[in-house]
Amino acid sequence: MLRMTSLPVSPSVPLSVSLSLSLSFSVSLSLTHSPSLPLSLSQVMDTQKEALRRIISTLSSKNEELQNFVETVDHTLTGLQEESCKVISELEAELELLSSALDEKRAELHGDIKEEKQRKEAELQLSEGKFALLSCEELLEFANQTLTITNEEEFLKAAKQIKERVTMAPAFRLTTRPAVSENMSQFTVDFSAERAGLQRLHFLPVPRPPEIDVSSCIIRDNTITVAWRPAGDADIGISGPIEHYELEYRKTNRNSLLRVTGDVHWEKIRDIRETHITISGLKFDSEFIVLRVRARNKAAPGEFSEPVALETTAYNFGFDAATAHAELKVQGDTVTWEPQGAKGHDPRLRGKENKSSSRSATPSPNKTAGSRAGRDRFAGESYTVLGDQEMIGGCHYWELRPLADWKSFSVGVAYRASLGRFDQLGKNAGSWCLHASQWLQTSLAAKHNNRAKALDWPLPQRIGIYCDYDSGDLSFIDVDRLHLLHSFKTKFSLPLVPAFTVWCGGITITTGLQVPSFVGNFLSTSRSLSNLTQ
């Protein structure tokens, strides 16, 4: 079950300055005389003077606080007025530029229309048509007069002239063109794009903060899906379209209502185009993760939303270096086997260590803390190291990856008190493990109480370990192939710690993981796959 809590935070807008003046005066001028200890007049005056000094100190402090508040408001108001005047001046300058651009466009369009008019008039050939019509009418009149001539010689002469004039007449030389149509009288000037552009001019105030939708936030498989709602459609219309969102998150172990200081480091995610995002690759090494989001338009980013704290509890542990075998090197989340010669394998030395450890239970005052820690180290052929965090209840999950040069390793859980310095995992009743080896031959087995069950499965490259302390379930999963390797069913009676054995090579672990959702697919079949129960 995830617990999600909203963290209200005062907005950081400069004008949103809160003033709380609480003047509390308690002046007691009554004189209390004790019959046994009467007060002199000077003592009474000293007492009242001290009370007045405290009042004056409080007044001085509040007066200074009020002066600072008034100065802050005056400074902010002055900045607001100066900035508004600056924006208005910039607006006037932009409008002047737009006006100049419109004048230039007006002159350009006037010239284009005049040129188009002249071109179309030339295509119409009106003057040529009128001249051809007049010439044609004169020729018709002359032809009609010729028909009335009775003299044969004069008639033939006139007919020849008419024939020559008809051949050369403008009416025969004039050609009408297809461009001469009704469409030649049409002119079009389209300002729709410009008008739409001008209508899109807005004053863009800072966008209002979105609201994180806690009910839609999901934490699963070590990813966090965060969803939010914009401030509202009306605000989008006023402040312009939101270009993108910016999300910030930080880890914390306090579900506190205190205002977040400016020095706190936030992880940032930019350029989010949707109203939701999934954050992956997280390590849940804190109890809560705090998130906030803000919108951004072309002008500027808005204020962040009220932070929301999401519970991200997971199992976190590291290697307990004090328990590591002398030939195991612990570095962060990695353990490697670094042999130091035959000294660690000498059974005579192991016998001396047993004798020296059983001589006295009282530590010498000259012994250092390091030497005391050395007695907790595994020795001999038990190349083991334990985890530093116990499990006393609940469900836990972590993963293991062998390094490239590994030869043999074991991973599991154990009762810390049940393991001696020379004990190996899986060989007593207080430890359960999965053992993998590719030394001489490849093998994979589940071990407990000196019993082993061979597993018919390729050596995995990533192993998930799931432990439900309350139900007594311990499962090993091939995470890459999503296959249940083995599951122990028992009843844990003592605190458990993760346990690891490494020989030749190394391993690395991943902690701070939630129990993955795919683990639930294996729990129903886990009992049938185990025969090494306690």
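Scroll up a little and you will see the structure.
Let me begin by describing the structure that accompanies this report.

1. Looking at a negative patch on the surface
Here is step 1: Together, Glu82, Glu83, Glu90 and Glu94 line one region of the surface with negative charge.
Here is step 2: Tracing the sequence through the fold places Glu82 in helix 1 (residues 41-124).

2. Some details on the packing of aromatic side chains
Here is step 1: By the definition in use, this model includes 15 aromatic pairs.
Here is step 2: With a centroid separation of 5.3 Å and an interplanar angle of 75°, the aromatic rings of Phe319 and Phe500 are classed as edge-to-face. Of the two residues, Phe319 is situated in the loop between strand 9 (308-311) and strand 10 (328-331) and Phe500 in strand 21 (residues 496-503); the sequence distance between them amounts to 181 residues.
Here is step 3: A residue is classified by how much of its surface remains accessible, and Phe319, at 9% relative accessible area, is buried.
Here is step 4: Residue Phe500 is classed as buried on the basis of its relative accessible area, which comes to 0%.
Here is step 5: Three or more aromatic residues joined by ring pairs form one cluster here, namely Tyr315, Phe317, Phe319, Trp398 and Phe500.
Here is step 6: One Lys or Arg, Arg292, reaches over the ring of Phe304 and ends 4.1 Å from the middle of that ring.

3. Here we look at the side chain of Glu399
Here is step 1: In this structure, Glu399 sits in strand 13 (residues 395-402).
Here is step 2: A residue is classified by how much of its surface remains accessible, and Glu399, at 9% relative accessible area, is buried.
Here is step 3: Among the polar contacts made by the side chain of Glu399, one reaches the side chain of Tyr397 at a distance of 2.7 Å.
Here is step 4: Engagement of the side chain of Glu399 in a polar contact is seen with the side chain of Arg462, the distance being 3.0 Å.
Here is step 5: With sequence-adjacent residues up to four places away left out, Glu399 is seen in contact with Arg462, Ile463, Gly464, Ile465, Val479, Thr508, Ile509, Thr510 and Leu513.

The rules we used
Residues numbered from 1 in each chain as written. Predicted model: local features only at pLDDT ≥ 70, side-chain atom pairs only at ≥ 80, totals over all residues. Heavy atoms only, no water. Patch = residues over 30% accessible without salt bridge, like charges linked within 9 Å, V, L, I, M, F, W, Y side chains within 5 Å. Areas by Shrake-Rupley, 256 points an atom, 1.4 Å probe, with all protein chains shown as cover. Salt bridge = Lys/Arg side-chain N within 4 Å of Asp/Glu carboxyl O. Lys, Arg positive; Asp, Glu negative; His and termini not counted. Charge placed at Lys NZ, Arg CZ, Asp CG, Glu CD. Helix = DSSP H or I, 4+ residues; strand = E, 2+ residues; numbered from the N terminus. Phe/Tyr/Trp six-rings, centres within 6.5 Å; stacked < 30°, edge-to-face > 60°. Buried < 20%, exposed > 50% of the residue type's maximum accessible area, 1.4 Å probe, protein only. Lys NZ or Arg CZ within 6 Å of the ring centre and 35° of its normal. Polar contact = N/O pair within 3.5 Å; in protein donor to acceptor, adjacent residues only side chain to side chain. Contact = heavy atoms within 4.5 Å.

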